[in-house]
2 protein chains.
Amino acid sequence: MADILHMVTIKARPKHVYAALTEQAGLAGWWTEKVSAEPRVGSVAQFRFGDRGGSDMEILALEENRLVHWACRAHLSGDEWVGTEVFFDLREENGATVVRFSHRRWLEATDFLRYCSMKWAGYLVSLKNLVETGHGSPWPHDVQI
Amino acid sequence: MADILHMVTIKARPKHVYAALTEQAGLAGWWTEKVSAEPRVGSVAQFRFGDRGGSDMEILALEENRLVHWACRAHLSGDEWVGTEVFFDLREENGATVVRFSHRRWLEATDFLRYCSMKWAGYLVSLKNLVETGHGSPWPHDVQI
């Protein structure tokens with residue numbers, strides 16, 4: 001098992017970060033413009049990245065302004081993500097929101113994990129910029145690595 | 001034990017990436033402008049980041065255009081890095097250089113690991129930009145997260 005673990009501090013209240021992690025318009029503003037999602041436990045959000053594939057994420061748990069927890073049910077470009085779980089843990093500290101991001105339960109530390117670790121870091125900066133300034137860099141506007 | 005694992009593809013030959021990872025002028029162009037380093041096994045490179053601290057890295061191994069391997073011998077803002085090891089593994093693929101970055105042997109998956117995982121991702125993009133365009137974003141010009 002291997003995990004991707006990141007952290008970013010966003011100068012905003014948790015409710016604004018939580019909205020960007022749960023509402024379709026928010027998710028479209030930092031991860032990918034091609035998203036179909038609703039903030040409901042048990043629903044499956046679809047994220048697409050053109051010919052780079054995409055993923056279907058079941059929303060396993062939502063704690064308002066505190067936690068977003070997904071499990072990957074399908075992935076278009078391979079099966080490494082299937083069964084992995086993504087957590088966004090939000091804590092208010094000194095008027096900002098600390099986001100602890102975890103992408104857990106990878107079976108192996110593959111090259112795709114390394115690639116995704118870099119991509120998640122960039123998307124978390126995109127999330128920070130979206131919430132702080134109104135302008136993120138979702139796919140297809142993300143940095144190519 | 002926990003590891004930070006990243007990967008970035010740089011559109012340049014390995015010798016250009018290797019120079020940026022071993023020569024003082026190269027390291028100053030993507031990680032921190034405050035660096036004292038020479039490309040010699042057994043030497044200790046000093047990296048400083050203003051009041052955010054810095055680290056002393058012993059150069060454990062160098063394989064020309066293939067591998068750079070450091071071990072942290074001192075860290076100014078805590079002891080979590082001491083004893084950890086950093087690897088830059090370079091492979092030429094389709095005329096580009098794939099850099100597999102590993103920061104291994106963390107004793108625990110702490111918040112500082114999460115922070116450093118984000119920072120390393122940004123610095124690897126800085127390395128890519130330096131080698132590809134001549135312009136990186138070393139400290140103090142790096143993205144604040």
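Right, let's walk through the structure included here. Numbering of residues starts from 1 in each chain and follows the order in which that chain's sequence is written. Whichever chain is written first becomes A and whichever ligand is written first becomes 1, with later ones labelled in order. Restriction of local features to residues with pLDDT of at least 70 applies here, the model being predicted, together with a cutoff of 80 or more for giving and counting side-chain atom pairs; totals for whole chains, interfaces and linings are based on all residues. By convention in this description, side-chain values take in all heavy atoms of the structure and omit both hydrogens and water.

**A few points about the sheet that holds strand β2 (residues 34-36) of chain B**
Through backbone hydrogen bonds, the strands of a sheet pair up, either in parallel or in antiparallel fashion.
Residues and elements named next belong to chain B.
Step number 1: With antiparallel pairing, seven strands are arranged side by side in an open sheet as β1-β7-β6-β5-β4-β3-β2. Strands at the two margins of the open sheet, each flanked by one partner only, are β1 (2-10) and β2. Neighbour-to-neighbour, the strand axes of the sheet open up by a mean angle of 20 degrees, direction not taken into account.
Step number 2: Inspection of the sheet shows β2 paired to strand β3 (residues 44-48) by three bridges, in the antiparallel sense. At least two DSSP bridges between two strands are required for those strands to pair. Counting from the N terminus, the helices are DSSP H or I runs at least four residues long and the strands are E runs at least two residues long. Note on definitions: angles span 0 to 180 degrees between N-to-C directions of axes, and those axes are lines fitted to C-alpha atoms, for helices only across the stretch in contact.

**What about the nonpolar core?**
Step number 1: For this analysis, a nonpolar core means a set of buried residues of the types Ala, Val, Leu, Ile, Met, Phe, Trp, Tyr and Cys, connected via side-chain atoms within 4.5 Å. The rule is simple: take the accessible area with a 1.4 Å probe, protein chains only, and divide by the maximum for that residue type; under 20% is buried, over 50% is exposed, in between is partly exposed. Counting residues in hydrophobic clusters, the biggest one holds 85 residues, and the most contacted among them are Trp30 of chain A together with Trp30 of chain B.
Step number 2: Contact between two residues is taken to exist if any of their heavy atoms lie within 4.5 Å; hydrogens are not considered. When neighbours within four sequence positions are excluded, Trp30 of chain A is seen to be in contact with Ala20, Leu21, Phe88, Trp120, Tyr123, Ser126, Leu127, Leu130, Ser137 and Pro138 of chain A.

**Things to note about the environment of Glu108 of chain B**
Residues and elements named next belong to chain B.
Step number 1: Here Glu108 shows up in the loop between β7 (96-106) and α3 (111-133).
Step number 2: Judged by relative accessible area, which is 58%, Glu108 ranks as exposed.
Step number 3: With 24 residues separating them in the primary sequence, Glu108 and Glu132 have C-alpha atoms 35 Å apart.
Step number 4: Residues within four places of Glu108 in sequence aside, it is in contact with Ala2 and Leu113.

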